[in-house]
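Given next are the chains, with one letter for each unit.
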Amino acid sequence: PDLLGIVLSRECRVALDADRVPVDPPPQPVGGHPRPATQLGPFPLIHGVTLPAVLDVITGGRFMLGVGLGYRPEEFAVFGVPMRERVSRLTEGIEIIRRLWTEDHVSHDGRFYQFHDLTLEPKPVQKPCPPIWIATNPKPELATPRITDRALRRVGLIADGWMTDNTPVARF
């Protein structure tokens, strides 16, 4: 089955109005227009690199990609992906997307994905590429400080921004 189609039919959330996207701070309009955002469900379970690039072209360079680890064991079980691999898959996936958005003739021999001489077209309008925000919601009262620290550190190391629910930053 078409993996991206399955995920999109069930998990895709597209926001065309900046104040409907639960981020802190909210994405700023570009040229007076809201910045569209999409979150394609649990990122370690998808292989969607073309759709975000096309959406960036369609929106004239105002697209923002939101990704997350996923947290429901049943979603990972359906795809035969162990939950313990979700951080590694997210990290490798973001590396691949950034390279495919900015380079031609990309080869990758990673732990989860392997390909040779791949070029993605169309390239995104934004240079070097659309911003990638990680959605993570480590509730301080429910998560250990170690988990919260790791989640926020990951955002700082591999993403361009942080998407969360309505948890104020001050609670962290």
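See above for the structure.
The residue numbers shown here count from 1 along each chain, following its written sequence. With the structure being a predicted model, the display of local features is reserved for residues of pLDDT at least 70 and the display and counting of side-chain atom pairs for 80 or more, all residues being used for whole-chain, interface and lining totals. Side-chain numbers come from the whole structure's heavy atoms, not from hydrogens or water.

**Here we look at the pairing of strand β5 (residues 114-118)**
In plain terms, the rule: Should DSSP find at least two bridges between two strands, the strands are taken to pair. Strands are runs of DSSP state E lasting at least 2 residues, helices are runs of H or I lasting at least 4, and numbering of each runs from the N terminus.
Relative to β5, strand β4 (residues 106-109) runs antiparallel, the two sharing three bridges. Among the inter-strand pairings, V106 is bridged to a residue of β5, identified as L118. Between the antiparallel neighbours β4 and β5 lie four residues.

**Some thoughts on unusual backbone geometry**
Selection rule: Throughout this description, buried means an accessible area under 20% of the type-specific maximum (1.4 Å probe, protein chains only), exposed means over 50%, and partly exposed covers the range between.
With an omega of 0 degrees, the peptide bond running from E121 to P122 counts as cis. Within the fold, P122 resides in the loop between β5 and β6 (132-135). P128 follows K127 through a cis peptide bond whose omega is 5 degrees. Among the secondary structure elements, P128 is positioned in the loop between β5 and β6. You will see that H105, though not glycine, has its phi angle at about 55 degrees, which is positive. Of note, H105 is situated in the loop between α4 (86-102) and β4. The exposure class assigned to H105 is exposed, which follows from its relative accessible area of 57%. The phi dihedral of D117 is positive, around 55 degrees, even though this residue is not glycine.

**Topic: the nonpolar core**
The condition that has to hold: Among buried residues, those of type Ala, Val, Leu, Ile, Met, Phe, Trp, Tyr and Cys that are joined through side-chain atoms within 4.5 Å constitute a nonpolar core.
Core analysis: the largest hydrophobic core is formed by 22 residues, its most contacted members being L65, V67, L90, I94, W101, I132 and I134. Within the residue set of this core, elements represented by two or more residues are β3 (64-68), α4, β6 and α5 (145-158). Of all the elements, α4 adds the most residues to this core, at six residues.

**Concerning the environment of L65**
Summarising the element assignment, L65 is placed in strand β3. Measuring from C-alpha to C-alpha, the distance between L65 and A53 comes to 9.5 Å, with 12 residues separating the pair along the chain.

**Focus: the environment of D104**
Quick reminder of the rule: Contact between two residues is taken to exist if any of their heavy atoms lie within 4.5 Å; hydrogens are not considered. Polar contacts, as counted here, are pairs of nitrogen or oxygen atoms within 3.5 Å of one another; within protein the pair requires one atom able to donate a hydrogen and one able to accept it, and residues that are adjacent in sequence qualify only if both atoms are side-chain atoms.
Checked against the element boundaries, D104 lands in the loop between α4 and β4. Judged by relative accessible area, which is 44%, D104 ranks as partly exposed. Considered as a pair, D104 and E121 are 17 residues apart in the sequence and their alpha carbons are 9.2 Å apart. Setting aside chain neighbours within four positions, we find D104 in contact with L118, T119, E121 and K123. Here K123 takes part through its side chain, which lies 3.1 Å from a polar atom of the side chain of D104.

**Quick word on the pattern of salt bridges**
What counts here: For this document, the term salt bridge refers to a Lys or Arg side-chain nitrogen within 4 Å of an Asp or Glu carboxyl oxygen.
This model, assessed by the stated rule, comprises six salt bridges. The partner of R89 in a salt bridge is E85, and the shortest N-O contact between them spans 3.0 Å. For R89, a relative accessible area of 14% gives the class buried. For D104, the salt bridge goes to K123, with nearest N and O atoms at 3.1 Å.

**Observations regarding the side chain of T59**
By the element assignment, T59 lies in the loop between α2 (50-58) and β3. For T59, a relative accessible area of 13% translates into the label buried. At a separation of 3.5 Å, a polar atom in the side chain of T59 contacts the main-chain amide nitrogen of F63.

**Looking at the packing of aromatic side chains**
Here is the rule: Here the aromatic set is Phe, Tyr and Trp, taking the six-membered ring for Trp, and pairing holds for ring centres within 6.5 Å; pairs whose planes are under 30 degrees apart are stacked, those over 60 apart are edge-to-face, and all others are tilted.
Applying the stated criterion to the full structure yields one aromatic pair. Taken together, a centroid distance of 6.5 Å and an interplanar angle of 65 degrees make the contact between F112 and Y113 edge-to-face. Neither F112 nor Y113 differs from the other in exposure class; each is buried.

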